[in-house]
Every structure is written in structure tokens, then in C-alpha cells.
Amino acid sequence: MRHIVTSIVVAAMAVLSGCSSTGSLGNEAKQEVKAAQYKNIMTLLESGTYIYTARSAQSSGGKNIQLNTNVYSLDFKDHYVKADLPFYGRGYTSHYSNDPGIKFEGEPVDLKISGNEKKYQITVQFRITKVNDSFDITMNISSSGYGNLTVLSRNRQSISYYGYVTEMPEDYTF
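In this report, the structure presented in the accompanying data block is examined.

The rules we used
- The residue numbers shown here count from 1 along each chain, following its written sequence.
- Given that this is a predicted model, residues contribute local features only at a pLDDT of at least 70 and side-chain atom pairs are listed and counted only at 80 or more, while totals for whole chains, interfaces and linings are drawn from all residues.
- Values reported for side chains reflect all heavy atoms of the structure, with hydrogen atoms and water molecules removed beforehand.
- In DSSP terms, a helix is any run of H or I states spanning at least four residues, a strand is any run of E spanning at least two, and both are numbered starting from the N terminus.
- Any residue under 20% of the maximum accessible area for its type is buried, any over 50% is exposed, and the rest in between are partly exposed; the area is computed with a 1.4 Å probe on protein chains only.
- The contact definition used throughout considers only heavy atoms, calling two residues in contact when any of these lie within 4.5 Å.
- Residue exposure ignores everything except the shown protein chains as possible cover, and the areas themselves are Shrake-Rupley values with a 1.4 Å probe.
- Criterion for a salt bridge: a side-chain nitrogen of Lys or Arg within 4 Å of a carboxyl oxygen of Asp or Glu.
- DSSP-based pairing: two strands are paired if at least 2 bridges between them are found.

1. Quick word on the overall build of the protein chain
In terms of regular secondary structure, the protein chain is built from 2 helices and 10 strands. Starting at the N terminus and walking to the C terminus, you meet the elements of the protein chain as α-α-β-β-β-β-β-β-β-β-β-β. Within the protein chain, buried positions represent 39% of all 174 residues. Here the contacts in the protein chain between residues at least 6 apart in sequence split such that 52% fall between residues at least 24 apart. Here the protein chain has roughly 10,000 Å² of accessible surface; of this, 49% comes from carbon and sulfur atoms.

Rendered as C-alpha cells:
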């Protein structure tokens with residue numbers, strides 16, 4: 001995390017030093033900062049080792065729920081994924097009474113990471129299959145590291161989360 005923050009600060013300082021004496025960032029300077037942030041986030045996502053922390057959840061019924069804790073996350077480590085996310089909505093089968101959240105771990109299938117350099121947006125898509133369900137995951141992350149995570153399930157209503165991506169601590173274990 002320090003590496004990314006340091007890179008962003010250095011890029012911002014370099015841009016600011018080139019600004020006029022009024023101290024305001026011009027459009028070109030803002031674009032340079034966004035481009036540097038985009039590059040750092042893209043590098044982090046392509047590394048396959050990061051944490052997406054959910055801060056709110058929105059059910060398919062439109063209800064927005066604030067998550068007042070940092071425990072709900074989607075963790076990637078060495079291209080292996082583990083999810084522990086809350087679920088608010090309707091399940092279509094009865095076996096969810098013992099497992100109310102969206103929990104899975106394994107190797108993602110059909111992992112795709114694509115970026116839009118003009119909009120400074122990165123999309124990560126993959127599929128995870130469990131014994132009783134499968135999940136199609138789509139993350140849309142901005143250059144700031146914030147973005148949406150959408151989970152489509154075979155046996156549940158869809159749900160979306162809003163949160164942010166950070167670098168995984170070196171001592172983190174699943």
C-alpha cells in the first residue's frame with residue numbers, strides 16, 4: 001500500500017510543481033495525476049494479490065445497506081480468491097439458511113482484467129463454482145481504487161457492493 005501511495009504522492013508533487021503560481025491544477029495536470037493513479041491500480045490488480053473491502057451493499061431490490069466494519073472482503077492472493085461478503089436478498093433454494101453470506105474460495109475461472117485508459121476504469125471479471133452454486137463476479141474499479149463489485153448467482157438474486165481495493169499486507173494469510 002505504501003508503494004502505491006508513495007507513487008501517487010510523487011506523481012502529484014511533480015504535477016503540482018509544474019503548475020502556475022495560482023496553485024490550481026489545470027485539466028492537463030489533473031489528467032496526468034489520474035493516469036498515474038490508473039497505472040498503479042492496474043499494476044495492483046494484475047499482480048493478483050490485493051483486497052477488495054466492501055463498505056456498502058445494494059440488493060437487487062434497491063435497498064442500500066452501509067457496512068460499518070472492514071471484515072467483508074474479496075481477497076486475491078497469487079491468483080487464488082476468497083470471499084466473505086454479506087447477502088441481502090432472496091435465495092431460490094433452501095440450503096442458504098445455514099450460509100446466509102456469499103462465501104467461497106478457489107481459483108477463478110475465465111479471469112479477465114481489462115482497462116479503459118480514457119475513462120481511467122478497470123474491469124475484473126471471473127467465475128467461481130461451488131457445489132451448490134456458481135458466482136459470476138464483475139469489479140469496476142476507478143483510478144482512485146474505489147468501485148463496484150457485482151455478484152450474479154445461479155441460486156440467489158444479484159447483489160452489488162461499493163468499496164475499495166488495497167494492497168494485501170505481506171503477512172496476510174487466508
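2. A word on the pattern of salt bridges
Counted under the stated rule, the structure contains 2 salt bridges. Where lysine 103 meets aspartate 84, a salt bridge forms, and the shortest distance between an N and an O atom there is 3.3 Å. In this pair, lysine 103 sits in strand E5 (residues 102-106) while aspartate 84 sits in strand E4 (residues 80-85), placing the two residues 19 residues apart along the sequence. Residue classification places aspartate 84 among the partly exposed residues on the basis of a relative accessible area of 31%. Here aspartate 136 makes a salt bridge to arginine 127, at a shortest N to O gap of 2.6 Å. Classification of aspartate 136 by relative accessible area gives partly exposed; the value is 27%.

3. A short note on the pairing of strand E10 (residues 159-167)
Put simply, side chains in a regular strand alternate between the two faces of the sheet. Here strand E1 (residues 50-59) pairs with E10 via 9 bridges, running antiparallel. Residue pairing across strands places isoleucine 51 opposite threonine 166, the latter belonging to E10. As paired strands, strand E9 (residues 146-153) and E10 are joined by 6 bridges and run antiparallel to one another. Residue glycine 147 lies in a different strand from E10, and its bridge partner there is glycine 163. Between E9 and E10, which pair antiparallel in sequence order, lie 5 residues.

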